[in-house]
Each structure stands twice: as C-alpha cells, then as structure tokens.
Amino acid sequence: MATVELRFSAQPEHVRTARLVAAAVARRAGVDEAVLDEVRLAVGEACSRAVGLHRSHGITAPVRVVLNEEEKVFSIEVGDGVTAVSGAAGEARDGVAPGDSHESDAEGEDEMGLAVISGLVDDVEVTSGDDGGVIRMSWPTASAVALP
C-alpha cells in the first residue's frame, strides 16, 4: 500500500496543487482515466471546504490530504481542524452572534460543497470528531475490475 500525504496552509491558491497531486497519484494507482476529472473536482471541493472552515474558524493548522493506494481501491481523505466543539452550533465566533446571516451563508456553502462531492463520488463518508472533520472518498482501481 502506497500513501502520499499532503499538508498545506489554508489558502485558496493551494487547492489547485492538491487537485493536481490527487489526479497524478490516482492515475498512477490505476484509477480509470474517465474518472480522473471526478477525482479532481471532488478533491477541489473537499479542499476548498476545508480551507473555508479553517479560515472562518481562525484555525492556523494546515489542511491535510492523505492519498492511499490499496490493492483494489484508491482513497483520499481530506481533513480539517474544525473539532466538534469549535464547530458547534450556537457558539459566537469573531464577534458574529449565532444565527447572523454570515454564519448561515457559511453553513449553506458547506452543505452545497458536500452535495457536490456526494454527486461526484459514489463512496464518500463525512465524519467529525475531536481531531477535526474528515471527508473520505474512494474509487476502484484497474486491479479491482475483473477481466473476462
């Protein structure tokens, strides 16, 4: 099993780099060429979401992207540093009271990003815990396709 880990500061300009790295590693892992655009788009959405969460919560830790090549599957995990506590509803942040329009706009963008990812990836899992949130996506590789 080969693993590539990418960490980058929460700046929008780094999302493109993450997309390019993900596509290159996916290609090497044996993901079908027809699916590579979906990989790029899904990683772009997940990384953009993580960058937005980091910036809106004042988190300085890097966004983490882990690319795993296993025997029959290629998976990508995009992790943010927003813990269940720091992302809890009802918490005032940066002088913005809960329920203000800025907060609801951010939640709407978050939900839209997750909807786009769900539309692009058949196997997606979103979790949140004490270490932050993780979006895990996976695609079959050429070794998973049975030959006649």
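Conventions adopted
- Residues numbered from 1 in each chain as written.
- Predicted model: local features only at pLDDT ≥ 70, side-chain atom pairs only at ≥ 80, totals over all residues.
- Heavy atoms only, no water.
- Helix = DSSP H or I, 4+ residues; strand = E, 2+ residues; numbered from the N terminus.
- Buried < 20%, exposed > 50% of the residue type's maximum accessible area, 1.4 Å probe, protein only.
- Contact = heavy atoms within 4.5 Å.
- Areas by Shrake-Rupley, 256 points an atom, 1.4 Å probe, with all protein chains shown as cover.
- 1 Å grid on protein atoms, 1.4 Å probe; cavity = no way out; pocket = protein on both sides within 12 Å on 5 of 7 lines; lining within 4 Å.
- Points joined across faces, edges and corners; volume = space filled by probe spheres on them.
- Expected span 1.5 Å × (residues − 1).
- Salt bridge = Lys/Arg side-chain N within 4 Å of Asp/Glu carboxyl O.

The next point concerns the overall build of the protein. Secondary structure summary: the protein contains three helices and five strands in total. Listed by position from the N terminus, the elements making up the protein come as β-α-α-β-β-α-β-β. Here the protein, with 148 residues, has 36% of them falling under the buried criterion. Sequence separation of 24 or more characterises 67% of the internal contacts of the protein that already satisfy a separation of 6 or more. Accessible surface computed for the protein: about 8,200 Å², of which carbon and sulfur atoms make up 52%.

Tracing the backbone through its elements, the reader meets Ser 118 in helix α3 (residues 101–120). For Ser 118, a relative accessible area of 44% translates into the label partly exposed. Distance in space between the C-alpha atoms of Ser 118 and Met 137 is 9.3 Å, their sequence separation being 19 residues.

In this structure, Glu 45 sits in helix α2 (residues 36–57). It is 8.7 Å that separates the C-alpha atoms of Glu 45 and Val 15, two residues lying 30 residues apart in sequence. Setting aside chain neighbours within four positions, we find Glu 45 in contact with Gly 113, Val 116 and Ile 117.

Time to look at the layout of surface pockets. The volume enclosed by the second largest pocket comes to roughly 160 Å³. In terms of lining residues, the second largest pocket is bounded by 15 residues, among which Arg 64, Gly 79, Asp 80, Gly 81 and Asp 131 are the most central. Every element with two or more residues in the lining of the second largest pocket is listed here: β2 (63–69) and β5 (132–140).

With that settled, consider α2. With 22 residues, α2 extends 31 Å from end C-alpha to end C-alpha; this agrees with the ideal 32 Å at 1.5 Å per step. Taken from the residues just after α2, Gly 58 is the one with a positive phi, measuring 70°.

Here helix α1 (residues 15–29) contains 15 residues, and its C-alpha end-to-end distance of 21 Å stays within 8% of the 21 Å for a straight helix at 1.5 Å per residue. Inspection of α1 places Val 15, Ala 18, Ala 22, Ala 23, Val 25, Ala 26 and Ala 29 among the buried residues, and these make up the whole buried set. Looking at the packing, one finds that the buried side of α1 touches β1 (2–8), α2, β2 and β3 (73–79). Positive phi shows up at Gly 30, right after α1, with a value of about 105°.

Now for the pattern of salt bridges. What the rule picks out here adds up to six salt bridges. With a shortest N-O distance of 3.0 Å, Arg 27 and Glu 33 are connected by a salt bridge. Residue Arg 27 is classed as partly exposed on the basis of its relative accessible area of 42%. The salt bridge partner of Glu 69 is Arg 28, with a shortest N-O separation of 3.0 Å. With Glu 69 in strand β2 and Arg 28 in helix α1, the pair connects residues that are 41 residues apart, well separated along the chain.

Let us now look at the side chain of Ser 75. With respect to the helices and strands, Ser 75 occurs in strand β3. Accessibility expressed as a relative area gives 1% for Ser 75, which makes it buried. Leaving out residues up to four positions away in the same chain, Ser 75 has contacts with Val 66, Leu 67, Asn 68, Glu 70, Arg 136, Met 137 and Ser 138.

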